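Analysis of the macromolecular model
Below, each chain spelled out in residue letters.
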Amino acid sequence: MLKSMTGFGRAEKLIDGFEVKVNLKSVNHRYMDASIRVPKYYSFVEDKIRQAATKYISRGKVEIFVSVERTEGSGKTVTIDSETAQNYINALKSLTQFGIEDDVKISTISQYHDIFKIESDEDDEERITAMIIEVFSEAAEDFVNMRINEGKNMEVDILSHLDCLADNLAEVEKRYPAIVAEYRGRLEKKISEVLEDKNIDETRIITEAAIFAEKTDIGEETVRLSSHIKEFKKMICTDEPIGKKLDFMIQEMNRETNTMGSKANDVEIAKLIVNMKSEIEKIREQIQNIE
């Protein structure tokens, strides 16, 4: 089962007076690279999220956004700095020496914000962590399901290209035996024209044909490529992350195809090789997005 490296997931939940929201999104990356954003008051949960993420994601550049808001109470306590407030009052009252009316009121003093102390209530880190991880897990499940669905579409496309590749390979194998026979015919004709004699040395023809056959033999390459195609199909049916393995396999398939193209001295096979390389390239483009 293939998984795409691109995906999106989200979850939100009301728990114990908190509203927790988690969003995940990812794009292609050679390794697992997680970027986590949490409110600064809850930065202590970042490492736990990173650890939890590795259970769901093995490859991809992932961005994780966490929002935590209280729904019951502000979570903050406001107190007065009495000494600072009294200093302001005394200073304002001293202005009466300039003949200014003493009209100091609460509304006047409240403009001086440094007389207020705002303190956040202490939250239980374990409780907050458990809440966030719970919502993260739901978002991650949603995220993975999207990756799986995209992977299914990719699998169908890859299998179709593998079948086309196998069909072209079968045509190459079918065409190859005729190459040596055609070469022998051309060789006999050429020697006959040069010697202007029909009594041609059959041993020489056989030897030359054998040398040609050895130079153009693509039997090993066709066998290996056929094996790679079968193995590739098996690999994409496994549940483990296989993007890196498939990338290596496609390199091997491309190498065998290039070797066939360089050895087989034939126009028809050359056309088939071009088709095969095109199918391999289409597969390569897809596996760049596989976890």
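Presented here is an overview of the structure given in this document. Starting afresh in each chain, residues are numbered from 1 along the sequence in its written order. For a predicted model such as this one, the threshold for reporting local features is a pLDDT of at least 70, and the threshold for listing and counting side-chain atom pairs is 80 or more; totals across whole chains, interfaces and linings nevertheless cover every residue. Remark: hydrogens and water are excluded; side-chain values derive from all non-hydrogen atoms of the structure.

**A closer look at unusual backbone geometry**
Put simply, the rule reads: Counting from the N terminus, the helices are the DSSP runs of H or I reaching at least four residues and the strands are the DSSP runs of E reaching at least two.
In this model, D16 sits at a positive phi of 50 degrees, which is unusual for a non-glycine residue. Among the structural elements, D16 can be located in the loop between β1 (7–15) and β2 (18–27).

**Let's talk about the pattern of salt bridges**
Let me state the cut-off plainly: By salt bridge we mean one thing: a side-chain nitrogen of Lys or Arg within 4 Å of a carboxyl oxygen of Asp or Glu.
What the rule picks out here adds up to 17 salt bridges. Between K13 and E138 there is a salt bridge, with the nearest N and O atoms lying 3.1 Å from each other. Here K13 is found in strand β1, whereas its partner E138 is found in helix α4 (residues 125–195), with 125 residues between them in sequence. Put simply, R175 and D266 hold a salt bridge, and the shortest N to O gap is 2.7 Å.

**Section: the side chain of H228**
Heads up, the rule is: Each residue is placed in one exposure class: buried if its accessible area under a 1.4 Å probe, protein chains only, is under 20% of its type's maximum, exposed if it is over 50%, and partly exposed if it falls in between. When checking whether two residues touch, look at their non-hydrogen atoms; a contact exists if any pair is within 4.5 Å.
Note on placement: H228 falls in helix α6 (residues 219–235). Of the residues examined, H228 reaches a relative accessible area of 15% and is grouped as buried. Ignoring any residue separated from it by four or fewer positions in sequence, one finds H228 in contact with M249, E252, M253 and E256.

**Notes on the packing of helix α7 (residues 243–263) against helix α8 (residues 267–287)**
When two helices pack together, their arrangement is given by the angle between the helix axes and the distance between those axes. This is how it is decided: Helix axes use the C-alpha atoms of the stretch in contact, all axes being lines fitted to C-alpha atoms, and the angles between their N-to-C directions lie in the range 0 to 180 degrees. Roughly parallel means an angle under 35 degrees; roughly antiparallel, over 145; roughly perpendicular, 65 to 115; everything else is oblique. Crossing handedness follows the turn of the near helix against the far one: under a right angle anticlockwise gives a left-handed crossing, and clockwise gives a right-handed one. The nonpolar class holds Ala, Val, Leu, Ile, Met, Phe, Trp, Tyr, Cys and Pro. Asp, Glu, Lys and Arg form the charged class, and all remaining residues, Gly among them, are polar.
Where α7 contacts α8, the axes come no closer than 10 Å and their chain directions differ by 170 degrees. For the element pair α7 / α8, the angle class is roughly antiparallel. Considering how the two elements wind past one another, α7 and α8 form a crossing that is left-handed. Of α8, the residues touching α7 (which contributes L246, D247, I250, Q251, M253, N254, T257, N258, M260 and G261) are I273, M276, K277, I280, I283, R284 and I287. Classifying every residue of the contact of α7 with α8 by side-chain character gives nine nonpolar, five polar and three charged.

**Structural notes on the side chain of H161**
Inspection of the secondary structure assignment puts H161 in helix α4. When near neighbours in sequence (up to four residues on either side) are disregarded, H161 contacts E279, K282 and I283.

**Some words on the environment of L24**
Assignment of secondary structure puts L24 in strand β2. The spatial distance from the C-alpha of L24 to the C-alpha of D142 is 9.2 Å, given a sequence separation of 118 residues. Those residues in contact with L24 that lie beyond four places of it in its chain are G7, F8, G9, I57, V62, E63, I64, F136, A139, A140 and F143.

**Details of the sheet that holds β2**
As a reminder, the rule being used: Only strands that DSSP links by at least two bridges are regarded as paired with each other.
As summarised here, the arrangement of the four strands in space is β1-β2-β4-β3, forming an open sheet in which the pairing is mixed. Each having just a single partner strand, β1 and β3 (32–37) make up the two edges of the open sheet. Sheet twist, expressed as the average angle between the axes of neighbouring strands with direction ignored, equals 15 degrees. Across nine bridges, the pairing between β1 and β2 is antiparallel. Bridge pairing in β2 links I15 to F18. Helix α1 (residues 46–53) rests against β3 and β4 (60–70) of the sheet, and its axis sits at about 145 degrees to β3.

**Details of the packing of aromatic side chains**
In this description, an aromatic ring pair is defined by two values, namely the gap between the centres and the angle between the planes. Applied cut-off: Pairs were defined over the aromatic rings of Phe, Tyr and Trp, the Trp ring being its six-membered one, requiring ring centres within 6.5 Å. Orientation was assigned from the angle between planes: stacked under 30 degrees, edge-to-face over 60, tilted for the rest. Each ring is checked for a lysine NZ or an arginine CZ that lies within 6 Å of its centre and within 35 degrees of its normal; such an atom marks a charge sitting over the ring.
In the structure shown here, the tally under the stated rule is three aromatic pairs. Ring geometry for Y88 and Y112: centres 4.2 Å apart, planes at 20 degrees, overall stacked. Of this pair, Y88 sits in helix α2 (residues 82–93) while Y112 sits in the loop between α3 (106–109) and β6 (116–120); the two residues are 24 residues apart in sequence, bridging distant segments of the chain. Owing to a relative accessible area of 23%, Y88 belongs among the partly exposed residues under this scheme. For Y112, a relative accessible area of 28% corresponds to the partly exposed category. Over the aromatic face of Y41 sits the side chain of K40, whose NZ or CZ is 5.8 Å from the ring centroid.

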